[in-house]
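Residue-level listing of the chains:
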Amino acid sequence: TAPESVTRYWMSLGVSISMQGMGMAPILRQATMAICHSGRRGITLHIERRYEEAQAVYRHIIESETSVSAAHYYLALTFEQRGQFAEAISHLQLLIDSAGPVSLYLSGLAHVYGSAGRIADAEAAVEQLNVQAKQRYVTPYAFFMAWLGVGQHEVALESLEAAFEERNALQSTEFSFSRFLVP
């Protein structure tokens, strides 16, 4: 359906930008080093909707370097795309248990819960994002993904527009990076 294809497109394109915006540059650097060649292949396969092949790439990365959280995250996304929600939730929960409630992982979890029809769980994950947003910066992209999972497409669209505006602000010389710093 149209909302699903839009979701898949924006999730695929927005992950690295949102990781940087959520103060996850160290994780992004780690992932870039660890999955330099094979990770790119996995992401390419994912975007081409060749999920089974992408899963094999991500599993290989995880087997060779278990600390690569980006591989777990992308593997979870491929499980979601294939309708294997329990596996997707398991990988995202593993990430949250090991790295803490990182907004990218929470938003992904909210989205998967929603896709699996577990709306109450999706709403609980969105509430965790709201709590985080009161304590530190949470990118609108995270809320976009989460609201799509809950099925609130209008609110999700507003978050997507805010993320777009924020991205434009990132490119301007007037933007202050202080809002991305975690105390």
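Residues numbered from 1 in each chain as written. Predicted model: local features only at pLDDT ≥ 70, side-chain atom pairs only at ≥ 80, totals over all residues. Heavy atoms only, no water.

1. A few points about the overall build of the protein chain
Next, step 1: The helix and strand tally for the protein chain stands at 10 helices and 0 strands.
Next, step 2: Seen in sequence order, the protein chain has helices and strands lined up from the N terminus as α-α-α-α-α-α-α-α-α-α.
Next, step 3: Across the 183 residues in the protein chain, those meeting the buried criterion constitute 45%.
Next, step 4: In the protein chain, the proportion of contacts linking residues at least 24 apart, taken out of those at least 6 apart, comes to 52%.
Next, step 5: Working note: accessible area of the protein chain is about 9400 Å², and carbon and sulfur atoms make up 55% of it. (Helix = DSSP H or I, 4+ residues; strand = E, 2+ residues; numbered from the N terminus. Buried < 20%, exposed > 50% of the residue type's maximum accessible area, 1.4 Å probe, protein only. Contact = heavy atoms within 4.5 Å. Areas by Shrake-Rupley, 256 points an atom, 1.4 Å probe, with all protein chains shown as cover.)

2. Considering helix α6 (residues 85-99)
Next, step 1: Taking 1.5 Å of rise per residue, 15 residues should cover 21 Å, and α6 covers 21 Å from first to last C-alpha, within 8% of that figure.
Next, step 2: Those residues of α6 lying buried are Ala88, Ile89, His91, Leu92, Leu95 and Ile96. Down the axis of α6, the buried set is contained in an arc of 165°. They therefore lie on one face. Opposite its buried face, α6 presents the exposed residues Ala86, Asp97 and Ser98, each directed more than 90 degrees away.
Next, step 3: A positive backbone phi angle near 90° is found at Gly100, which sits one or two residues after α6. (Expected span 1.5 Å × (residues − 1). Arc of directions from axis to C-beta.)

3. Focus: the pattern of salt bridges
Next, step 1: All told, the structure shown has 4 salt bridges when counted by the stated rule.
Next, step 2: Here Glu48 makes a salt bridge to Arg50, at a shortest N to O gap of 2.9 Å.
Next, step 3: A relative accessible area of 42% means that Glu48 is categorised as partly exposed.
Next, step 4: Counted as one network, the salt bridges with shared partners bring together Glu48, Arg50 and Glu53. (Salt bridge = Lys/Arg side-chain N within 4 Å of Asp/Glu carboxyl O.)

4. Description of unusual backbone geometry
Next, step 1: Despite not being glycine, Arg49 has its phi angle at roughly 65°, a positive value.
Next, step 2: On the secondary structure map, Arg49 appears in the loop between α3 (36-47) and α4 (51-64).

5. A few points about the confidence of the model for the protein chain
Next, step 1: On average, residues of the protein chain carry a pLDDT of 76, and 68% of them reach 70 or more.
Next, step 2: Contacts of residues 31-35 to residues separated by more than four positions or lying in other chains number 7 contacts, the stretch itself having pLDDT below 50. (pLDDT = per-residue confidence, 0-100.)

6. Quick look at the packing of helix α8 (residues 119-135) against helix α9 (residues 140-150)
Next, step 1: Relative to each other, α8 and α9 sit at 160°, their axes nearing to 9 Å. Taken as axis vectors, α8 and α9 run roughly antiparallel relative to one another. Note on packing geometry: the crossing formed by α8 with α9 is left-handed. In contact with Ile119, Ala122, Glu123, Val126, Leu129, Asn130 and Ala133 of α8, α9 contributes Ala142, Phe143, Ala146, Trp147, Gly149 and Val150.
Next, step 2: Considered class by class, the residues forming the contact of α8 with α9 number 10 nonpolar, 2 polar and 1 charged. (Axes fitted to C-alpha atoms, helices over the stretch in contact; angles between N-to-C directions. Parallel < 35°, antiparallel > 145°, perpendicular 65-115°, else oblique. Left-handed = near helix turned anticlockwise from the far one by under 90°. Nonpolar A, V, L, I, M, F, W, Y, C, P; charged D, E, K, R; others polar.)

7. Examining the side chain of Ser159
Next, step 1: With respect to the element layout, Ser159 can be found in helix α10 (residues 153-171).
Next, step 2: Given a relative accessible area of 10%, Ser159 falls into the buried group.
Next, step 3: When neighbours within four sequence positions are excluded, Ser159 is seen to be in contact with Pro140, Phe143, Phe144 and Trp147.

8. Some details on a negative patch on the surface
Next, step 1: A cluster of acidic side chains, namely Glu154, Glu158, Glu161 and Glu165, defines a negative patch on the protein surface.
Next, step 2: Tracing the sequence through the fold places Glu165 in helix α10. (Patch = residues over 30% accessible without salt bridge, like charges linked within 9 Å, V, L, I, M, F, W, Y side chains within 5 Å. Lys, Arg positive; Asp, Glu negative; His and termini not counted. Charge placed at Lys NZ, Arg CZ, Asp CG, Glu CD.)

9. Brief notes about the environment of Ile119
Next, step 1: Relative to the helices and strands, Ile119 is located in helix α8.
Next, step 2: Along the backbone, Ile119 and Gly151 are 32 residues apart, and their C-alpha atoms lie at a distance of 8.4 Å.
Next, step 3: Setting aside residues up to four positions removed in sequence, Ile119 forms contacts with Tyr113, Gly114, Gly149 and Val150.

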